[in-house]
Amino acid sequence: MSRQDEARAFHYAVYEAVQLIPQGRITTYGHIAKLIYKPRNSRQVGQALKFLPREGQEHEYPYSTANVPWWRVVSSAGVISPREGGAVQLQADLLRQEGVEVDGNNKLKLSEFGWFPETEFDEYD
């Protein structure tokens, strides 16, 4: 398998896992990594979401911001990760629309809104 095919397979696994997060719930980059059997790759989960094609943008992926709720993934500290171009505010707004409380520092209550189905890697936490 080529490196490009491996990267695409990883991205697809991330997008499939993110689609499982219920509306009004959040999870972390690290938990998505666990769900796809790559528990040490939370940063790569963030990169995969960063490269998720925008709705309406031409691409070859069967995934885009139209069908992958990227806004439901946050840092392990329960904070919206900083990024450019107003995406932090957009993410906060999308979460609020789903009933997730976001404070003025873009912090969320993982204990209240977190979605953390068990994985085989939970024993290592």
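Above this text sits the structure in question.
Now for a quick tour of the structure. Note that the structure is predicted; figures quoted are calculated from it, not measured. (Residues numbered from 1 in each chain as written. Predicted model: local features only at pLDDT ≥ 70, side-chain atom pairs only at ≥ 80, totals over all residues. Heavy atoms only, no water.)

**Digging into the environment of Lys 107**
Consideration 1: Tracing the chain through its elements places Lys 107 in the loop between α4 (87-97) and α5 (110-113).
Consideration 2: Put simply, Lys 107 and Ala 92 are 15 residues apart on the chain and 9.3 Å apart in space, counted from C-alpha to C-alpha.
Consideration 3: Here Lys 107 is in contact with Ala 77, Gly 78, Val 79, Glu 101 and Val 102, once residues within four sequence places are set aside. (Helix = DSSP H or I, 4+ residues; strand = E, 2+ residues; numbered from the N terminus. Contact = heavy atoms within 4.5 Å.)

**Observations regarding helix α1 (residues 3-18)**
Consideration 1: Taking 1.5 Å per residue, 16 residues should reach 22 Å; α1 reaches 23 Å between its end C-alpha atoms and fits that length.
Consideration 2: Three or more residues of α1 are buried, namely Phe 10, His 11, Val 14, Tyr 15, Ala 17 and Val 18. Each buried residue of α1 sits inside an arc of 165° when the element is viewed along its axis, so together they form one side.
Consideration 3: If you follow the buried residues of α1, they end up packed against α2 (29-35), α3 (42-50) and β2 (73-74). (Expected span 1.5 Å × (residues − 1). Buried < 20%, exposed > 50% of the residue type's maximum accessible area, 1.4 Å probe, protein only. Arc of directions from axis to C-beta.)

**Focus: the side chain of Thr 27**
Consideration 1: Positionally, Thr 27 belongs in strand β1 (residues 27-28).
Consideration 2: Looking at Thr 27, the relative accessible area reads 0%, which means it is buried.
Consideration 3: A polar contact is formed between the side chain of Thr 27 and the backbone oxygen of Trp 115, at a distance of 2.8 Å.
Consideration 4: Beyond its immediate chain neighbours, meaning those up to four positions away, Thr 27 contacts Ile 21, Ile 32, Arg 72, Val 73, Val 74, Trp 115 and Phe 116. (Polar contact = N/O pair within 3.5 Å; in protein donor to acceptor, adjacent residues only side chain to side chain.)

**Some points on α3**
Consideration 1: Three or more residues of α3 are buried, namely Val 45, Gly 46, Ala 48 and Leu 49. The buried residues of α3 occupy an angular sector of 160° when the element is viewed end-on, so they sit on one face. Those residues of α3 that are exposed and angled more than 90 degrees off the buried face are Arg 43 and Lys 50.
Consideration 2: Here the buried face of α3 lies against α1, α2 and β2.

**Overview of the nonpolar core**
Consideration 1: Residues Val 14, Tyr 15 and Leu 49 are the most contacted members of the largest nonpolar core, which totals 32 residues.
Consideration 2: The greatest single-element share of this core, amounting to five residues, is contributed by α1.
Consideration 3: Leave out the neighbours within four places in its chain, and Val 14 touches Ile 32, Ile 36, Val 45, Ala 48 and Leu 49. (Core = buried A, V, L, I, M, F, W, Y, C linked by side-chain atoms within 4.5 Å.)

**Regarding unusual backbone geometry**
Consideration 1: The residue Tyr 37 is not glycine, and still its phi comes out positive at about 65°.
Consideration 2: Locating Tyr 37 in the fold gives a position in the loop between α2 and α3.
Consideration 3: Accessibility expressed as a relative area gives 55% for Tyr 37, which makes it exposed.
Consideration 4: Although it is not a glycine, Asn 106 sits at a positive phi angle of roughly 60°.
Consideration 5: Looking at the element boundaries, Asn 106 is found in the loop between α4 and α5.

**A word on the packing of α1 against α3**
Consideration 1: In the contact formed by α1 and α3, the axes pass within 9 Å of each other and the chain directions differ by 85°. Between α1 and α3, the angle falls in the class roughly perpendicular. Note on element contacts: α3 touches α1 through Gln 44, Val 45, Ala 48 and Leu 49, opposite Phe 10, His 11, Val 14, Tyr 15 and Val 18.
Consideration 2: Residues that form the contact of α1 with α3 fall into these classes: seven nonpolar, two polar and no charged. (Axes fitted to C-alpha atoms, helices over the stretch in contact; angles between N-to-C directions. Parallel < 35°, antiparallel > 145°, perpendicular 65-115°, else oblique. Nonpolar A, V, L, I, M, F, W, Y, C, P; charged D, E, K, R; others polar.)

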